[in-house]
Amino acid sequence: MATATYPPPPPYYKLYKDYLQNPNSAPEPPPPIRGTYVLYGANYTTHDVLPTLEEQGVRQLYTKGPNVDFKKELRSLNRELQLHLLELADVLVERPSQYARRVEDISLIFKNLHHLLNSMRPHQARATLIHILELQIQRRKQAVEDIKRRREEAQRLLQEALGTLDGQ
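Since the model is a prediction, treat every value here as computed from it, not as a measurement.

1. What to know about a nonpolar patch on the surface
Consideration 1: Taken together, the side chains of Y12, L15, Y16, Y19 and L20 make up a nonpolar region of the molecular surface, amounting to roughly 610 Å² of accessible area.
Consideration 2: Along the chain, the position of L20 falls in the segment before β1 (36–39).
Consideration 3: For L20, a relative accessible area of 78% translates into the label exposed.

2. A short note on unusual backbone geometry
Consideration 1: The backbone phi angle of Y40 is positive, close to 50°, even though this residue is not glycine.
Consideration 2: Tracing the backbone through its elements, the reader meets Y40 in the loop between β1 and β2 (42–45).

3. A word on the side chain of H115
Consideration 1: Within the element layout of this structure, H115 appears in helix α2 (residues 99–119).
Consideration 2: With a relative accessible area of 11%, H115 lands in the buried category.

Reading guide: rules and limits
- Residues numbered from 1 in each chain as written.
- Predicted model: local features only at pLDDT ≥ 70, side-chain atom pairs only at ≥ 80, totals over all residues.
- Heavy atoms only, no water.
- Patch = residues over 30% accessible without salt bridge, like charges linked within 9 Å, V, L, I, M, F, W, Y side chains within 5 Å.
- Areas by Shrake-Rupley, 256 points an atom, 1.4 Å probe, with all protein chains shown as cover.
- Salt bridge = Lys/Arg side-chain N within 4 Å of Asp/Glu carboxyl O.
- Helix = DSSP H or I, 4+ residues; strand = E, 2+ residues; numbered from the N terminus.
- Buried < 20%, exposed > 50% of the residue type's maximum accessible area, 1.4 Å probe, protein only.

Next comes the structure, spelled out in structure tokens:
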């Protein structure tokens, strides 16, 4: 029985055999997936929306509404987390049997912090993209200036060469 080190290519490679002679002979790519799809047995959707804490069954600790002051709320949740961690340490020393409630409170604060940070991701992505585009513009302007400088230098060298040739 013979075995191959690598499996044979998938059969659809035959669809591209005339590609070099006629690039239009290749099949069109499949259309983008819209709506829901199944991947590895799990259902996913192409419409990515951050579910609210209420939809996840978690109590929201920061103010509700579209105009949330992220910095203020993150600081507030961070202070509250620090306080609850200190209280947990106290409870573990004084009354070790009552630690479960403190751990649940800390978990709730972490979930709220996590949700608040995730709701800032689109703004972060937009700011990162703007920064990358500004850097690209700056690099291209520098490249244009470098090309202009080198062109002027080449023209000067050509003029000097012509001057020395005319002088002979």
